[in-house]
Amino acid sequence: MTDRIDRNVASGKELKGVSLGGPVSGPVSSVPMLDVGRGNGPLKQEFMAAIERVIDSGRFLHGPEVGELERTVNEVCGTAHAIGCASGSDALLLALMAIDIEPGDEVIVPSFTFFATASAVSRLGAEPVFVDIDPLTYNMDPVSLEQSITSRTRAIIPVHLFGQCAAMDKICEIANKHDLVVIEDAAQAIGAAWDDRPAGAWGQMGCLSFYPTKNLGGMGDGGMLVCQDEALASKIRLLASHGMQPRYYHKLVGINSRLDTIQAAILGVKMAHLESYAQARGAHAQRYKELFEAGRMTDIVQLPMKHPKGKHVWNQYGIRVPFGRRDALKAHLQQRGIGCEIYYPVPLHMQECFSDLGYSVGCLPHTEAAAREILHLPVYPELTEGEQDAVVEGIEAFYMSGAFRRAA
Ligand SMILES: *Cc1c(COP(=O)(O)O)cnc(C)c1O
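Every value quoted in this text rests on a predicted model; they were computed, and no experiment measured them. (Residues numbered from 1 in each chain as written. Predicted model: local features only at pLDDT ≥ 70, side-chain atom pairs only at ≥ 80, totals over all residues. Heavy atoms only, no water.)

## Observations regarding helix α12 (residues 326-335)
In an α-helix, one turn spans 3.6 residues, which is why side chains three or four residues apart end up on the same side.
And then number 1: Here α12 has its buried residues at R326, L329, K330, H332 and L333. Projected onto a plane normal to the axis of α12, the buried residues spread over an arc of 165° and lie on a single side.
And then number 2: Looking at the residues trailing α12, positive phi occurs at G337, about 80°. (Buried < 20%, exposed > 50% of the residue type's maximum accessible area, 1.4 Å probe, protein only. Helix = DSSP H or I, 4+ residues; strand = E, 2+ residues; numbered from the N terminus. Arc of directions from axis to C-beta.)

## Some points on the site of the ligand
And then number 1: Among the 16 residues in the neighbourhood of the ligand, the closest are listed as G88, S89, D185, S209 and K214.
And then number 2: At 2.7 Å from a nitrogen atom of the ligand is found a side-chain nitrogen or oxygen belonging to D185.
And then number 3: The contact in question runs from an oxygen atom of the ligand to an N or O atom on the side chain of K214, over 3.0 Å.
And then number 4: Burial of the ligand by the protein amounts to 93% of the accessible area it has alone, namely 380 Å².
And then number 5: At a threshold of 2 Å from the grid points, most atoms of the ligand map onto the largest pocket.
And then number 6: Every element with two or more residues in the shell around the ligand is listed here: α5 (88-98) and α6 (116-123).
And then number 7: If one sorts the elements of the shell around the ligand by residue count, α5 sits on top with three residues.
And then number 8: Of the residues contributing to the shell around the ligand, the split by class is six nonpolar, eight polar and two charged. (Near = heavy atom within 4 Å. Polar contact = N/O pair within 3.5 Å; in protein donor to acceptor, adjacent residues only side chain to side chain. Areas by Shrake-Rupley, 256 points an atom, 1.4 Å probe, with all protein chains shown as cover. 1 Å grid on protein atoms, 1.4 Å probe; cavity = no way out; pocket = protein on both sides within 12 Å on 5 of 7 lines; lining within 4 Å. Sits in = over half its atoms within 2 Å of the grid points. Nonpolar A, V, L, I, M, F, W, Y, C, P; charged D, E, K, R; others polar.)

## Thoughts on the packing of helix α4 (residues 64-77) against helix α10 (residues 261-271)
The relative placement of two packed helices comes down to the angle between their axes together with the axis-to-axis distance.
And then number 1: At a minimum axis separation of 8 Å, α4 and α10 run at an interaxial angle of 40°. Here α10 runs oblique to α4, going by the angle between their axes. By crossing handedness, the relation of α4 to α10 is classed as left-handed. Together, E65, V66, L69, T72, V73 and V76 of α4 and T261, A264, A265, L267, G268 and M271 of α10 make up the contact between the two elements.
And then number 2: Grouping the amino acids of the contact of α4 with α10 by side-chain chemistry returns eight nonpolar, three polar and one charged. (Axes fitted to C-alpha atoms, helices over the stretch in contact; angles between N-to-C directions. Parallel < 35°, antiparallel > 145°, perpendicular 65-115°, else oblique. Left-handed = near helix turned anticlockwise from the far one by under 90°. Contact = heavy atoms within 4.5 Å.)

## Some details on the confidence of the model for the chain
And then number 1: Summary statistics for the chain give a mean pLDDT of 93 and a share of 92% for residues scoring 70 or more.
And then number 2: When the criterion is pLDDT under 50, residues 1-25 qualifies, and its contacts beyond four places in sequence or with other chains add up to 42 contacts. (pLDDT = per-residue confidence, 0-100.)

## Some words on the pattern of salt bridges
And then number 1: Following the criterion strictly, the structure yields 16 salt bridges and no others.
And then number 2: Between E127 and R152 there is a salt bridge, with its nearest N and O atoms 3.9 Å apart. Taken together, the residues E127 in strand β3 (residues 127-131) and R152 in the loop between α7 (142-147) and β4 (153-156) connect sequence positions 25 residues apart.
And then number 3: Residue class for E127 comes out partly exposed when judged on its relative accessible area of 26%.
And then number 4: For R152, a relative accessible area of 40% corresponds to the partly exposed category.
And then number 5: Linked through salt bridges whose partners overlap, the residues forming this network are D35, R38 and E387. (Salt bridge = Lys/Arg side-chain N within 4 Å of Asp/Glu carboxyl O.)

## Some words on the nonpolar core
And then number 1: By size, the foremost hydrophobic cluster in this structure holds 41 residues, and its most contacted members are L69, V73, M168, L208, F210 and M224.
And then number 2: For this core, the secondary structure elements donating two or more residues are α4, β3, α8 (168-177), β9 (223-227), α10 and α11 (274-294).
And then number 3: Built from parts of two domains, this core gets at least three residues from each of domain 1 (2-23 + 274-406) and domain 2 (42-271).
And then number 4: Y138, L161, M297 and L303 belong to the second-largest nonpolar core, a separate cluster that totals 38 residues. (Core = buried A, V, L, I, M, F, W, Y, C linked by side-chain atoms within 4.5 Å. Domains from an automatic or database assignment.)

## Some remarks on the sheet that holds strand β8 (residues 205-209)
And then number 1: Across the sheet, seven strands lie side by side as β1-β9-β8-β5-β4-β2-β3; this open sheet has mixed pairing. Of all the strands in the sheet, the pair left with one neighbour each is β1 (81-85) and β3. Shown here is a sheet whose adjacent strand axes are inclined to one another by a mean of 25°, direction ignored.
And then number 2: As paired elements, strand β5 (residues 181-185) and β8 share three bridges and run parallel to each other. Note that in β8 the partner of D185 across the bridge is C207.
And then number 3: Where α5 meets the sheet, it contacts β1, β2 (106-110), β5, β8 and β9, and its direction lies at approximately 160° from that of β8.
And then number 4: Across the face of the sheet, α6 comes into contact with β2, β3 and β5 while running at roughly 150° to β3. (Pairing = 2+ DSSP bridges.)

## What about the packing of aromatic side chains?
And then number 1: Here the structure, examined in full by the defined rule, presents 13 aromatic pairs.
And then number 2: Between Y288 and F292, the aromatic rings sit 6.0 Å apart at their centres with planes inclined by 20°, giving stacked as the arrangement. Of this pair, Y288 and F292 both sit in helix α11, separated by four residues, roughly a single helical turn. Both residues of the pair, Y288 and F292, count as buried. (Phe/Tyr/Trp six-rings, centres within 6.5 Å; stacked < 30°, edge-to-face > 60°.)

In structure tokens, the structure reads:
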């Protein structure tokens, strides 16, 4: 993978289109949707040294690297407590367990999100209540949220989708008014902020994921919960270790969910680069905008909105492709070797496993339109300008070619 970058840099060809002084690259034959090797490659010596330290220490669980990562995550999130766990999905489950969510309870979640946001609710026998999104930010619509509150509502899980925070000021205001717990699903948004307050610091709890595609991506699974309240933090820690305290005495029926020391050591190495990764992603988003505007494409596809109140960390860059052309454009790009993906093609309220909840087509129109029209383009930090040009040219070519007319 580093091979490809070296070749591109070595060719040193002049760039077409806008140049913002990033890495120089030559003509591109294919663009991966994500290439984790490019980020990890340059850090390999540091990873190996960190892993070796853990091997030598023999402390594969509860090693000092876990506590170290928890401290740095607290700094990033502006929180007082952080608890490592096995995945972002487990973080959501533990957050709901910590507030004793049980059958009969309702938890309000967006339908336009990854499955884990809602499955954690169902796992505990409670009911996920799906609400619609703001069509511009793709995040939970506070109006739809407030309309969905009932006497059984216990909590709200706003998701900071694609790296941009939900409207946390409004959501927390509604939650306070109705005495509801807010659990932030910040799996895609470590380092993001809303009104200068970091993702994870708004709700009673915040949930992070270190899945390899996330902004702080590990080499396997990992997750973390953040919160401000000490008693809540202790309960989460207890729940994540079988509710056991002291050893072999179980206060609660918990689960086993830990962040491995090796994983924490690896993440500690990457943590030093978190902000530069977010800045590189942001620069790509800005350059996409300039390229699409220069090609007069912005009347044809809709670019993602960066809300002025937020700090966006661009975990994903999604354009809207209207008039039923999305799948044809995706096929066209893939044929040209240009990676692209749909997050998410089927809204959660339309999933087979939730069919008994009684939602039907048309219930959440903004969510359903987004699922039909969104297409995500490569935006990882190491993406080159040449590759970005190829992505934009591929989209322009679609609209100028027979592929577009055939789809029309
Ligand atoms: C990735 C993700 C999760 C789950 O994280 P895992 O670490 O993969 O379990 C939850 N919610 C959202 C929005 C995610 O993107």
